[in-house]
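Residue-level structure breakdown
Next come the chains, spelled out residue by residue.
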Amino acid sequence: MNTCRRICVHSTGKFVIVSNRGHQSIAIFRVAPNSGKLRQIGFFHTRGETPRHFQFDSSGQYLVVANQDTDTIAVFSFNLSSGEMKYTGNEYRVPSPNFVCCCTIQPSNVEREIIMPRHEVTIGSEVNVDDFLISSKKNPLKDSYHNELQAELDAAREEIENLRKKLGASL
């Protein structure tokens, strides 16, 4: 059985994006400028099961999908001209993700974008894994989770920095 979890309009107003649970896909439609009618662009597999939530980054060029039943968050590039999306190869293990929030923080006066499940993390000027673990009553094995989360956070920060360098080099 296929069910819809989320529908949103891209910030450009040119596309409608829909998560399709059961089919494990994101459906993308182009909005006709004069009539507002929708034309199907395509269905794109989410690289996991039960796409519960998705969110664009602030540029609108990356789509982050929370696949609840495979415990993953997958990142896709989004073509602003065609409306097609492609898997970037970036995937993160997150226990049962059900919401994605893209937010901008400014540690040391340098703008960085991070992606974290909104219901689990309080965003401040720095993301501190210890604060996350202390506030979470679900993790009785703090030390082992701390090391795993810290490694994933460090890898994500490095990956974001590499993407920024690639984007800067291509401009």
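Residues numbered from 1 in each chain as written. Predicted model: local features only at pLDDT ≥ 70, side-chain atom pairs only at ≥ 80, totals over all residues. Heavy atoms only, no water.

Quick notes on the sheet that holds strand 8 (residues 85-93)
On the basis of which strands lie adjacent, the open sheet formed by four strands has the order 5-6-7-8 and antiparallel pairing. Each end of this open sheet is capped by a strand with a single partner; those strands are strand 5 (51-56) and strand 8. Strand-to-strand twist in this sheet, taken as the mean axis angle between neighbours without regard to direction, amounts to 25 degrees. In terms of strand pairing, strand 7 (residues 72-78) meets strand 8 through six bridges, oriented antiparallel. Directly across from Thr72, in strand 8, lies its bridge partner Arg93. (Pairing = 2+ DSSP bridges. Helix = DSSP H or I, 4+ residues; strand = E, 2+ residues; numbered from the N terminus. Axes fitted to C-alpha atoms, helices over the stretch in contact; angles between N-to-C directions.)

Describing the side chain of Gln24
Its location among the elements puts Gln24 in the loop between strand 2 (15-21) and strand 3 (25-31). At a separation of 2.7 Å, a polar atom in the side chain of Gln24 contacts the main-chain amide nitrogen of Thr50. (Polar contact = N/O pair within 3.5 Å; in protein donor to acceptor, adjacent residues only side chain to side chain.)

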